[in-house]
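Coordinate inspection notes
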Amino acid sequence: MSLIHEIDYGTPLSKSEKMVTLTIDGNEITVPEGTSIMRAAMEMGTEIPKLCATDMVEAWGSCRMCLVEIEGRAGTPASCTTPVAPGIKVKTQTQRLKEIRKGVMELYISDHPLDCLTCAANGDCELQDMAGAVGLREVRYGYEGDNHLGLDKDTSNPYFTFDTSKCIVCSRCVRACEEVQGTFALTISGRGFESRVSAGMSENFFDSECVSCGACVQACPTATLTENKVIEIGQPEHSVVTTCAYCGVGCAFKAEMRGEEVVRMVPYKDGKANRGHSCVKGRFAWGYATHKERILKPMIRSKITHPWREVSWEEAIAYTASEFKRLQSTYGRASIGGITSSRCTNEETYLVQKLIRGGFGNNNVDTCARVCHSPTGYGLGQAFGTSAGTQDFDSVEESDVIVVIGANPTDGHPVFGSRMKKRLREGARLIVIDPRKTDIVRTPHVEADYHLPLLPGTNVAVLTALAHVIVTEGPVDETFVRERCDLEEFQAWASFVADPRHSPEATEKYTGVPSADVRGAARLYATGGNGAIYYGLGVTEHSQGSTTVMAIANLAMVTGNLGRRGVGVNPLRGQNNVQGSCDMGSFPHELPGYRHIANDGVRTMFEELWGVHLDNEPGLRIPNMLDAAVEGTFRGLYVQGEDIVQSDPDTKHVTAGLAAMECVVVQDLFLNETANYAHVFLPGSSFLEKDGTFTNAERRIQRVRKVMSPKAGYADWEVTLLIANAMGFAMSYDHPSQIMDEIARLTPSFAGVSYDKLETDGSVQWPCNESVPDGTPIMHIDHFVRGKGRFMVTEYIPTDERTGSRYPLLLTTGRILSQYNVGAQTRRTENSMWHEEDLLEIHPHDAEQRGIRDRDWVRLESRSGSTSLRATITERVAPGVIYTTFHHPTTQANVITTDYSDWATNCPEYKVTAVQVMPSNGPTHWQEEYEAMAKNSRRIAAE
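This report concerns the structure included in the present document. Worth saying up front: this structure is predicted, and the values here are computed from it rather than measured.

1. Some thoughts on the overall build of the protein
Per the secondary structure count, the protein includes 29 helices and 37 strands. In terms of overall dimensions, the protein is globule-like: its C-alpha atoms have a radius of gyration of 29 Å, near the 30 Å expected for 943 residues. With the C-alpha coordinates aligned to their principal axes, the bounding extent of the protein is approximately 90 × 70 × 65 Å. Per-residue burial for the protein yields a buried fraction of 64% across its 943 residues.

As C-alpha cells, then:
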C-alpha cells in the first residue's frame, strides 16, 4: 500500500459546455470555456509552479509563481487567473520565467525558517517542492534584517497548530474558510510587512469563530497549519479511502496511516457527498477508536446488580445463545428480539435482522430510525411510493429557493450546510421554519428572506397555511399535477387547504407566525424558481411527524418541485447509516427493500435462500418491546450499537423495561447507559476496524474499508455470525462482500450493487439495477415509484402535551456541532473542549421572571421527571420556548421527555415537552448517583 495522491489542478473545474482549443508548450488541448491556463496545463500533465493556487478555491493570483508567456501578449500573466482563449499559444517555461520564479522564491525563503529536516511538513510541503521545482540553490538577499521568524505559535486548538513564522500569506486558508466552509473566521490583518493571517479579531484559533473543519489546514501549502498528530507521529506512509461514521452526509476520507496507527483523516476530493470538505468530527474526532475506556473483552453477569466478569468469546457467545434459548423455551418464541444499529454497516444490520427473523423465529426487530426518521419512511412512502430523499447533494447547486424545516444543517450536517451556504451566497433565497433562530437564519453573507418561528408542535398548521396561499392565490403547477398526480386526491386536498380556517390569518393565533410572513414565504417558494425542501428531526419527532412529512410532499407536488435538479424533498438523516438500517429491513413489518413481511411472494424468496420459515406477522417496535417487558412477556434483547437509555424518550419507562428483562445483550465500543442494564457485554468494532458499506442521506452507498485489525478480535458482523451459529441458525460468510451479494439477490433496489462496482464507480445511489445500472441521483424524474403522486389531507391536531400554570414553557431539543448523538464517541475526544455539558437556552424575559442569570444552575421539570443543568440566556429562542441538547448522560435530557409519539410510527415527540424551569443549587440527587456510577464504569474500563 502507498499514499493516495490526488491531483491538484490549481483552480476549480469549469462547468461550461462550450469547448476551447489552445496550445500549451507546443501541444494542443481542448478544455471547457472558463478553464484557467494553469488547469489546462495540469490536465495535459504539465504542472506550473504555484503557491497561492489550489483547486478547492477560486484563483487569487498573488504568489507570482505561476506566470506564463502568451504569444502576442505583453507581460507575464498569472496562469491561475488567466482563462483559456481560442487559438492562444502558451509557454510555461522560458528563461525569463525561470528567472522571475527563482527571484520570487528567494524572497519567500529569505523570511522563512530553514528547519526543513525537523519540520513536521518535511516531505509534504509545497514551498519545499516549489523551491526544488524552480531550481533554487541560494538566497542572495541573506537572512538579516526584519523578519517574522520569532512570531509565537498558536497551540490553542486541540487538533492543529498555527505557526505564524512559517506563513507566506498566500491567503489559501482565508479563502478556504470563506469559500469552502463559509464561516469567514480568518482574515489577513495588517498591511505590507505586517500582513499576517488572523483568526477573528486577533484572537487565538480556539476562542475565535473557527469551527475546526480543517479546510484551512488542508489548504495550507507550508507547515503553518499542521495537524498535531502529524507533529507527534510523523508523515503517513499509506492511505485507505473510507467513509465517515458520524452524520448522514457520508463524507469520504483518506485514512492516512503509519502501520495500523491513524495519522490523520483527510477529506477525499473524489468523495461525491463531501467533495473534499469535512467537519470537526470527521476530520479530527476519531480518537475514540483507541480510547482507554473501550471494552475489549466480553463480559457477563447473571444479574445487573452483580459485578462484571471477563470471559472468553466462546463463553460469552455460548452464554448468550443458551439464555436466549432458555427464554424462548420458557416464555415463547416472541419473548426475545433485537435492535439494529444505524452506526454499523449495511451488511451488519442485514445480518442482525436476518438473525432475528430466521434465528429467533420472529419479527421483533427495530432500529434507531424508530425515534428519528420513521415518519419519513411512512410519509414519503405514502406520497411518492419510496421511503427516501429525492435528490443528490449536488442538486443544491441549482436551487433558487431553499426551504429548511426543523433542521440545523450547519450543526447537524455541517459539510452539506457549507454547500448550502455557498449556494445562498451565490444568490439563492432562503426560508427557515424553526422555533429557534438557528445559525443559518443569519450567518456571514447569508440571511433568510423569511424565518417563521412557529410554536413547537404546529408544523402541520404552518405547512397547510403555506399550501392555502398557493392554492387560493393560483401559483399551482397545473401541468405537473395533471400529468404526475392523482387528480381526484388533488382536488379533495385542494378543497381542504382552501378552507378559510387554514389561512395564515386563522392559524397565526396558535402557530405564532405572522400571517404576512407565511404568505410571503409561500409566494417565494411557489414562484421563485427551483424550490428545494430540506428537513430534519424538527419535522419527524412530533405526534404529527408523519403528517408533516406528507404536508411537505404536498407542497413539492403542488408546485412541481420534483423530478429534476435543484428541487425535491430531502430528509437530512441524523446518523451515518440510518438510511441503510432502514433499507436493510430493520423495521418489524418490513423485509429489506421496504417490502411488507405479509407479502407471501417476497417472504418466500427469503425463506428459500435462508432455509427457514418466516413469521408473516409484524413484530414489536421498541416501545412495544419495553411495554411487553414490564408486562412480563418480553424477556430478552440483543442491542447492537445503540444506547436506548440515553437516546429514547421517557428514560424511566426505558429503564423499567430493561430492568424487567432476564437477558439483555449489548454490543458496543463502550459501557454505555444501556449497558448498566445488560447481562452480556460484547465488544464492538469501530468503522476503522471493518469492511462494509454505509448509505447516506442521499441514498449513496459507499465503501467502508478496514484500516486496522479489530481491537477486540472480531468485527461486528463476525460477532453476529457467532451468535447465529450458536443459536442453531447457520450463517457462513468469509467477507462482507458476500453479504452484499446476498442483499443484491434479494433486494430489487440493490440488485446492481456489488463491491466490484463500488471499487469502479466509487459510490452509487439506489435504486441500482438493470433499469438504472449506474444508480439514481434524482428520483421520480418521469413518474413516481407508486405511479401517480398522492396528495394527503393533513388535518392539524394539537398535541396532547399542553402547557399550563404548572408547566408553562415548551422544551425542544437538538444537536450541537462539536458533539454527536448521545456523545459516546465525541465525548471521548477533544471535541468536549467546545461543549463540556448540555446547556439550557432560555429567553431573557423568561429568565428574568425566574431570577435566572447566565450560567446559573437550573432545575428543569416536566410531568415525566426532572434534571438540572446550567442556563444560557439567549434570544435564539422565543419567549415561552426553551432548548437543550442531549449529548451528555449526566444531564439525561430524556428524563424530561414524555411517551407521546407519532400516530403512524411511534416516533417519540421529543420536540414538544411542557416544562417548568427554576433556580437550582446544582445537580439533582439522581445525577450525583449517576456520576458515582459513571466513575465506577470508567474504573472498570481502565482496569
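Text resumes after the structure shown.
2. Remarks on the sheet that holds strand E17 (residues 401-405)
Taken together, the 5 strands give an open sheet; going across it, the order is E21-E18-E17-E22-E23, and neighbouring strands pair in parallel fashion. Since the sheet does not close on itself, it has two edges, and those belong to strand E21 (450-452) and strand E23 (568-571), each with one partner. Strand after strand, the sheet turns through a mean of 15° between neighbouring axes, direction not considered. Packed onto the sheet, helix H12 (residues 414-425) meets E17, strand E18 (429-433) and strand E22 (531-535) and runs at close to 140° relative to E17.

3. What about the pattern of salt bridges?
Opposite charge on two side chains makes pairing possible when the charged atoms of those side chains draw close. Here the structure, examined in full by the defined rule, presents 61 salt bridges. Across the salt bridge formed by Arg 275 and Asp 394, the nearest N and O atoms sit 2.4 Å from each other. With Arg 275 in the loop between strand E12 (261-267) and helix H7 (280-284) and Asp 394 in the loop between helix H10 (374-383) and E17, this residue pair connects regions lying 119 residues apart in the sequence. Owing to a relative accessible area of 35%, Arg 275 belongs among the partly exposed residues under this scheme.

4. Here's the deal with the nonpolar core
Core analysis: the largest hydrophobic core is formed by 67 residues, its most contacted members being Phe 205, Leu 225, Ile 402 and Leu 430. Among the elements that make up this core, the one with the highest residue count is H12 (4 residues). Ignoring any residue separated from it by four or fewer positions in sequence, one finds Leu 430 in contact with Ile 402, Val 404, Leu 424, Ile 440, Val 446, Ala 448, Asp 449 and Tyr 450. Membership of the second largest hydrophobic core comes to 60 residues, among which are Val 578, Tyr 594, Leu 614 and Phe 729.

5. What about the packing of helix H2 (residues 95-110) against helix H3 (residues 126-133)?
Running from N to C, H2 and H3 point in directions that differ by 140°, and their axes come no closer than 10 Å. Between H2 and H3, the angle is such that the two are oblique. For the crossing formed where H2 meets H3, the hand is left-handed. Contacts between H2 and H3 involve Met 105, Tyr 108 and Ile 109 from the former and Leu 127, Met 130 and Ala 131 from the latter. A per-class count over the contact of H2 with H3 returns 6 nonpolar, no polar and no charged.

6. Description of the pairing of strand E28 (residues 680-683)
Side-chain alternation along E28 places Val 680 and Leu 682 on one buried face and Phe 681 and Pro 683 on a second face that is also buried. Examined bridge by bridge, strand E13 (residues 299-300) and E28 share 2 bridges and lie antiparallel to one another. Note on E28: the bridge partner recorded for Met 299 is Phe 681. Pairing geometry for strand E27 (residues 663-668) and E28, over 4 bridges, is parallel. Paired with Asp 668 across the bridge in E28 is Pro 683.

7. Looking at the environment of Ile 304
Here Ile 304 lies in the loop between E13 and strand E14 (309-310). Dropping the residues within four chain positions of it, Ile 304 is found in contact with Asn 676, Tyr 677, Ala 678 and His 679.

8. Brief notes about the side chain of Thr 320
Assignment of secondary structure puts Thr 320 in helix H8 (residues 313-331). Looking at Thr 320, the relative accessible area reads 0%, which means it is buried. Among the polar contacts made by the side chain of Thr 320, one reaches the main-chain carbonyl oxygen of Ala 316 at a distance of 2.9 Å.

9. Some thoughts on unusual backbone geometry
Note that the residue after Trp 766, namely Pro 767, is joined by a cis bond; omega there is 0°. With respect to the secondary-structure elements, Pro 767 resides in the loop between strand E31 (763-765) and strand E32 (809-814). Phi at Phe 184 takes a positive value of approximately 60°, unusual for a residue other than glycine. Phi at Arg 275 is positive, roughly 50°, even though this residue is not glycine.

10. What about the packing of H10 against helix H19 (residues 545-558)?
Viewed as axis vectors pointing N to C, H10 and H19 meet at an angle of 40°, and their least axial separation amounts to 8 Å. Here H19 runs oblique to H10, going by the angle between their axes. Crossing geometry of H10 relative to H19 is assigned as right-handed. Touching Pro 375, Thr 376, Tyr 378, Gly 379, Leu 380, Gln 382 and Ala 383 of H10 are Gly 545, Ser 546, Val 549, Met 550, Ala 553 and Met 557, all from H19. Residues belonging to the contact of H10 with H19 are distributed by class as follows: 8 nonpolar, 5 polar and no charged.

11. Notes on helix H17 (residues 515-527)
With 13 residues, H17 should reach 18 Å at 1.5 Å per residue; the first-to-last C-alpha distance of 18 Å fits that figure. Within H17 the residues assigned to the buried category are Ser 515, Val 518, Arg 519, Gly 520, Ala 521, Ala 522, Leu 524, Tyr 525 and Ala 526. Of the residues one or two after H17, Gly 529 is the one with positive phi, at around 105°.

12. Here's the deal with the sheet that holds strand E6 (residues 160-163)
Pairing is antiparallel across the open sheet formed by 3 strands, whose spatial order is E5-E6-E9. The sheet is open, and its two borders are formed by strand E5 (153-154) and strand E9 (225-227), each paired with just one other strand.

13. Details of the pairing of E23
The alternating pattern of E23 places Gly 568 and Asn 570 on one face and Val 569 and Pro 571 on the opposite face, and all of these are buried. As judged from the 4 bridges shared by E22 and E23, these two strands associate in the parallel manner. Within E23, the residue paired with Tyr 535 across the bridge is Pro 571.

So, how was this worked out
Residues numbered from 1 in each chain as written. Predicted model: local features only at pLDDT ≥ 70, side-chain atom pairs only at ≥ 80, totals over all residues. Heavy atoms only, no water. Helix = DSSP H or I, 4+ residues; strand = E, 2+ residues; numbered from the N terminus. Rg over C-alpha atoms; globule rule 2.2 N^0.38 Å. Buried < 20%, exposed > 50% of the residue type's maximum accessible area, 1.4 Å probe, protein only. Pairing = 2+ DSSP bridges. Axes fitted to C-alpha atoms, helices over the stretch in contact; angles between N-to-C directions. Contact = heavy atoms within 4.5 Å. Salt bridge = Lys/Arg side-chain N within 4 Å of Asp/Glu carboxyl O. Core = buried A, V, L, I, M, F, W, Y, C linked by side-chain atoms within 4.5 Å. Parallel < 35°, antiparallel > 145°, perpendicular 65-115°, else oblique. Left-handed = near helix turned anticlockwise from the far one by under 90°. Nonpolar A, V, L, I, M, F, W, Y, C, P; charged D, E, K, R; others polar. Polar contact = N/O pair within 3.5 Å; in protein donor to acceptor, adjacent residues only side chain to side chain. Expected span 1.5 Å × (residues − 1).

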